[in-house]
Amino acid sequence: MSLLAALARAYDRLPDAPPYGYSTEKIGFCVALNPDGSVAEIADLRGDDRKRSPRLLLVPQAVKRTVGIAPNFLWDKSAYVLGVTGGEGKRTADEHAKFRAQHLEWLAQSDDAGLLALGRFLEGWTAESFAPPLWPDELRDQNIVFRLAGEYAYLHDRPAARALWREIGAATASEPQICLVSGKPGPVARLHPSIKGVWGAQSSGASLISFNLDAFTSYGHEQGDNAPVSEAAAFAYTTTLNRFLEKDSGHRVQIGDASTVFWADAAPELADDAESLLAAFVDPGAEDRMAASAIKGKLDAIRRGTRLTEVAPELERVPFHVLGLSPNAARLSVRFYWSSSFGTLTTNYQRFLADTDIQPPPRDGWPPLWRYLVELAVQGKRENVPPLIAGEWMRAILTGSAYPLTLLSTAITRIRADGGVSALRAAILKSVLIRNFDLKETPVALDPTYDKSKGYLLGRLFAAYEEVQRAALGGTVNSTIKDKFYGAASASPQKVFATLGAGAQNHFGKLRKASPGRAVNLDRLIMSIMDKMSPGGDPIPAFLNAPEQGLFSLGYYHQRSDFFRKRDDQHDEKDPEALA
C-alpha cells in the first residue's frame, strides 16, 4: 500500500474527521451581524490561557495560496475580511477587494437571511470603519467568522451556506480522471492542501506533492494533472496527516529534524494498543502517561526481550506505518516511510535495544531516541543535530538494516572535541560496531578477558593511567590526561602512550607513599592489560581505524565506570582494595 493510500485509508478511522470540503482552523473572533448588515457585536473566541489561543472551528476548507490572492468562503484573516492588518500590508487593499467581490458574486442568488446580512455588511464596509471601542485592536491578523445576531450557529454552518459551498466546489471541479490513490474516477486536485505542523517548515504549511516548475511537468500537463489524485483523496490524506501532526495527537514524535508520525491499520482497540507501544518505544513521556495502564506491563516485557507473540499475540499481524518528514523550502521531504506488521517492528526494536545495551546503563531509565541524537550535537543542542542523520538512523531501526556510518564518525568526533564518553555515546558506538562491522562479541560491560581488539585494550589502559594520575594528585584535580591526550591516544596511540607510561611512573612514585595498597592494585591492573598486548603483534599501533577508535572509547568507558562504581561501593577511602 502506498503512503497516500495508507493515509487516505486512515481518514475513515479518525474519530472526529471533518467532512469532505471542510477543515479545522484557528479562529480568533466572530462578528455578529444584524439582518441589515450592521455590526451587533464582536465576540472574542480565544481561550483564557496565557497565549490567548484561538478556538479550533470546522470551517469550509482553506484555499491553497501560493503567490495569488484567493479568499476563503465565509471566513478568513482580517486582511481579507476587513482590509486591516497589523503589519505593512502592501496587498491588504487588494486582498479585501477580492474577498468582497468574490463573496458578493457567490451570495448574489441567495435568499438566506444570514448570507444576505453578510452581503450587506461587505457592501457598506470600509477599512476606515475599523476603530475602537467596537473593533478591538487584537482582532488584527486573526481569523474571523460570522453569525447572525440572536443565533448561535455560525454563517458557514447554516444549511444554505453548506449547499452553496457544495455548488461552488462542483462548479470549479475539473474533468474526472482515474485517481492514482483510489483507482476511481473523480475531479483531480490541481493543488494539494498544505501540510502543517512539521518542525522547521513554514507556519502557513508546506506541500508534500507539488508541480511548480516546468522541469516537473510532462506531456503538456499542468500542476496536479501530472499525477492525477482526486480531490477527495487529496483531502483525505492531507486531513489525516495534519491531524496526526497536531501536538498531543498521540501519533507524533520529534526525532532530530524528522517530524515522525505513526498509525496502525486495525480496529480501534488494537490500533490504540499498538500506537501506544510505539510511542513509548521512542518517547518516555508517553510511557509516563501509561504508567497505570495494562500496556505498561506489555512494554516492560517487550523491553526484557519477550517475543510479541507471548506478550500480545493479537498485535503480531497488525499493519503499521511510520512516516518521517522534514522541511525543504516550501515543500516537505520524506525522510523515511516504513510499512509492515507491528510484530516486525517490535522485533527490530528489540534488536535495537540489544545493540545499544550498555553497562553501566544511562541514567533516568530508557532514554528517548532524540536524547541519543543530542549526544551527537555541538554544545548538546537539539538544533545542532547533524542533518539527515535522524532519518537514516530511524530507518535503520525500523527496517533492521545497517546503521548510518555517520553515527560512528560523528560520535568519535564529538568525543574527541569535548572528551565526554557518556553512556549514550558508548551505546551508539557499540550498536554500530555490532551491526555494521559484525563485531558480535563487543562487550556490553567491562570484560577483563576480552583481548580481540587493540583499541579496547588501549582504551582501558588509558583509563587506568588517568586513574593513577587522579589517585596521585587527588580527586579534585582540575585537568587529567584525558583533556590533553585523549584525541591523540585514540587515533594515533604510538605517539603518546610512551609519554603516558612515563608520566604514570612519576605518579606511582607519589601514590606509593600516600596509598601503597592502591598503588599495587593499579599497577597490577595495568600489567594485566599490557599482558594481553603481545609484543609480536604490534601492541601499540601507529594508527587506529574508525571501528578501533570506537572500541577505544568503549574500553575507556567500561574501565573508567568500573573505577567510579568501586568508589560508590566503598566509602572508606582508606581501603586500597576498593579503589583499584
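Residue numbers restart at each chain and count upward from 1, following the sequence in its written direction. Only residues with pLDDT of 70 or above have their local features reported here, since the model is predicted, and side-chain atom pairs are shown and tallied only from 80 upward, although totals for entire chains, interfaces and linings are computed over all residues. Side-chain descriptors were evaluated using all non-hydrogen atoms of the structure, hydrogens and water having been removed beforehand.

Asker: Mind showing me how you'd approach the overall build of the protein chain here?
Answerer: What the protein chain contains, in helices and strands, is 20 helices and 12 strands. For this measure, only C-alpha atoms enter the radius of gyration; the expected value for a globule follows 2.2 Å times N^0.38, where N is the number of residues. The C-alpha atoms of the protein chain give 32 Å as radius of gyration, which overshoots the globular expectation for 580 residues (25 Å, by more than 25%). In terms of overall dimensions, the protein chain has a C-alpha envelope of 100 × 55 × 50 Å along the principal axes. Of the contacts formed within the protein chain by residues at least 6 apart in sequence, a portion of 67% connects residues at least 24 apart. Calculation of accessible area relied on Shrake-Rupley with a 1.4 Å probe; when residues are assessed, cover is drawn exclusively from the protein chains displayed. Per element, the accessible surface of the protein chain, about 27500 Å² overall, is 52% carbon and sulfur. The charge count treats Lys and Arg as positive and Asp and Glu as negative. His and the chain ends do not count. We put the charge of a Lys on NZ, of an Arg on CZ, of an Asp on CG and of a Glu on CD. Between the averaged position of the 66 positive side-chain charges in the protein chain and that of its 68 negative side-chain charges there is a distance of 6 Å. Per the convention used, a helix needs a DSSP run of H or I reaching at least four residues, while a strand needs a run of E reaching at least two, with both numbered from the N terminus. Contacts were defined at the residue level, with two residues in contact if any of their heavy atoms lie within 4.5 Å.

Asker: Is there a simple way to think about the sheet that holds strand 6 (residues 143-148) in this case?
Answerer: In any sheet, the strands associate via hydrogen bonds between backbone groups, in a parallel or an antiparallel arrangement. Ordered by their spatial adjacency, 4 strands build an open sheet running 3-2-6-5, and the pairing between neighbours is mixed. The outermost strands of the open sheet, each flanked by one partner alone, are strand 3 (39-44) and strand 5 (76-77). Pairing between strand 5 and strand 6: 2 bridges, direction antiparallel. Bridge assignment links Asp76 to a residue of strand 6, and that residue is Ile144. The pairing criterion is simple: DSSP has to find at least two bridges between the two strands.

Asker: When you look at the sheet that holds strand 9 (residues 252-255) in this model, what are you seeing that I'm missing?
Answerer: The 4 strands lie next to each other as 9-10-11-12, forming an open sheet whose pairing is antiparallel. On the outer flanks of this sheet lie strand 9 and strand 12 (331-341), each paired with one strand and no other. Going across the sheet, the axis of each strand differs from the next one's by a mean of 20°, ignoring polarity. When strand 10 (residues 258-264) meets strand 11 (residues 319-328), the two strands line up antiparallel, connected through 6 bridges. Axis definition: a line fitted to C-alpha atoms, over the contacting stretch in the case of helices. Angles run 0 to 180 degrees between N-to-C directions.

Asker: Mind showing me how you'd approach the environment of Arg317 here?
Answerer: Looking at where Arg317 falls in the secondary structure, it is placed in the loop between helix 10 (308-311) and strand 11. Expressed as a C-alpha distance, the spacing of Arg317 and Gly555, which sit 238 residues apart in the sequence, is 41 Å.

Asker: Teacher, can you tell me more about the pairing of strand 3 here?
Answerer: The side chains of a regular strand alternate, residue by residue, between the two faces of the sheet. Taken together, the 5 bridges between strand 2 (residues 29-33) and strand 3 define a ladder with antiparallel strand orientation. By the bridge assignment, Val31 is partnered in strand 3 with Ile42. Taking the residues that link successive antiparallel strands as the turn, the strand 2-strand 3 hairpin has 5 residues, and the phi of Gly37 there is positive, at about 95°.

Asker: What should I look at first to understand the packing of aromatic side chains in this one?
Answerer: Two aromatic rings, taken as a pair, are described by how far apart their centres are and by the angle between their planes. Each Phe, Tyr or Trp ring (for Trp, its six-membered ring) is paired with any other whose centre lies within 6.5 Å, and the angle between the two planes then decides the class: stacked below 30 degrees, edge-to-face above 60, tilted in between. Using the criterion set out here, one finds 25 aromatic pairs in the structure. Between Phe281 and Tyr349, the ring centres sit 4.0 Å apart and the planes meet at 10°, which makes this aromatic pair stacked. Taken as a pair, Phe281 in helix 7 (residues 268-282) and Tyr349 in helix 11 (residues 342-356) lie far apart in primary sequence, 68 residues in all. Only protein chains enter the accessibility calculation, which uses a 1.4 Å probe. A residue is then buried if its area is under 20% of the maximum for its type, exposed if over 50%, and partly exposed in between. We classify Tyr349 as buried; its relative accessible area is 6%. An aromatic cluster is built from Phe262, Phe281, Phe320, Phe342, Tyr349, Phe352, Tyr372 and Trp393, whose rings are joined through pairwise contacts. Here, a charge over a ring is recorded when the distance from Lys NZ or Arg CZ to the ring centre is within 6 Å and its angle to the ring normal is within 35 degrees. One Lys or Arg, Arg162, reaches over the ring of Tyr22 and ends 4.9 Å from the middle of that ring.

Asker: How should the nonpolar core be read in this particular structure?
Answerer: Within soluble globular proteins, side chains that are nonpolar generally end up buried alongside one another. Residues enter a nonpolar core if they are buried and are Ala, Val, Leu, Ile, Met, Phe, Trp, Tyr or Cys, with the set joined through side-chain atoms within 4.5 Å. With 96 residues, the main nonpolar core has Phe281, Phe320, Phe342, Phe462 and Phe497 as its most contacted residues. Element by element, the count of residues in this core is highest for helix 16 (residues 454-473), at 11 residues. Residues in contact with Phe497, not counting those within four places in the same chain, are Leu458, Leu461, Phe462, Tyr465, Ala489, Ile540 and Phe552.

Asker: Teacher, can you tell me more about helix 4 (residues 113-124) here?
Answerer: Because an α-helix completes one turn every 3.6 residues, residues spaced three or four positions apart along the sequence face the same direction. One less than the number of residues in a helix, times 1.5 Å, gives the span that helix is expected to have. In this model, helix 4 (12 residues) spans 17 Å end to end at C-alpha, consistent with the 16 Å of a helix rising 1.5 Å per residue. Listing the buried residues of helix 4 in full gives Gly114, Leu115, Ala117, Leu118, Gly119, Phe121 and Leu122. Where helix 4 is buried, its residues touch strand 2, strand 3, helix 2 (78-81), helix 3 (92-106), strand 6 and helix 5 (159-172). Polar contact criterion, stated in full: a pair of N or O atoms within 3.5 Å, where within protein one must be able to donate a hydrogen and the other to accept it, and residues adjacent in sequence count only if both atoms are side-chain atoms. One side-chain oxygen of the residue at the start of helix 4 lies 3.0 Å from the amide nitrogen of Gly114, identifying that residue as Asp112.

Asker: What am I meant to see in the side chain of Arg414 here?
Answerer: For Arg414, the position within the fold is in helix 14 (residues 406-418). In this structure, Arg414 is in contact with Glu375, Leu376, Ala377, Val378, Gln379, Gly419 and Arg425, ignoring residues within four places of it in sequence.

Asker: How do you make sense of the environment of Lys184 when you look at a structure like this?
Answerer: Checked against the element boundaries, Lys184 lands in the loop between strand 7 (176-178) and strand 8 (185-187). Lys184 sits 332 residues away from Pro516 along the chain, and the two C-alpha atoms are 85 Å apart.

Asker: I'm lost on unusual backbone geometry in this one. Help?
Answerer: Excluding glycine, most residues fall at negative phi; most peptide bonds, likewise, are trans. Cis peptide bonds are those with omega within 30 degrees of zero, and the linkage from Pro132 to Pro133 qualifies with 10°. Assignment of secondary structure puts Pro133 in the loop between helix 4 and strand 6. Between Gln359 and Pro360 the backbone carries a cis peptide bond, its omega angle lying at -5°. Locating Pro360 in the fold gives a position in the loop between helix 11 and helix 12 (369-374). Residues other than glycine seldom take positive phi values, yet Leu74 does so here, at roughly 70°. One can find Leu74 in the loop between strand 4 (55-60) and strand 5. A relative accessible area of 1% means that Leu74 is categorised as buried.

Asker: Mind showing me how you'd approach the pattern of salt bridges here?
Answerer: Think of it this way: side chains of opposite charge can pair up when their charged atoms draw near. Each salt bridge in this description consists of a side-chain nitrogen of Lys or Arg and a carboxyl oxygen of Asp or Glu lying within 4 Å of one another. Counted according to the given criterion, the structure contains 29 salt bridges. Its salt-bridge partner being Arg9, residue Asp265 comes within 2.6 Å of it at the nearest N-O pair. Of the two residues, Asp265 is situated in the loop between strand 10 and helix 7 and Arg9 in helix 1 (residues 3-11); the sequence distance between them amounts to 256 residues. In this structure Asp265 comes out as buried when scored by relative accessible area, which is 14%.

Asker: Hey, could you run me through the environment of Leu511 in this one?
Answerer: You can see Leu511 is positioned in helix 18 (residues 497-514). Assessed through its relative accessible area of 2%, Leu511 is described here as buried. Sequence spacing of Leu511 and Pro362 is 149 residues, and the spatial spacing of their C-alpha atoms is 32 Å. In this structure Leu511 touches Ala471, Ala472, Pro516, Arg518, Ala519 and Leu522, once residues within four positions along its chain are discounted.

So, to be careful, I would describe these as geometric facts and stop short of saying anything about function.
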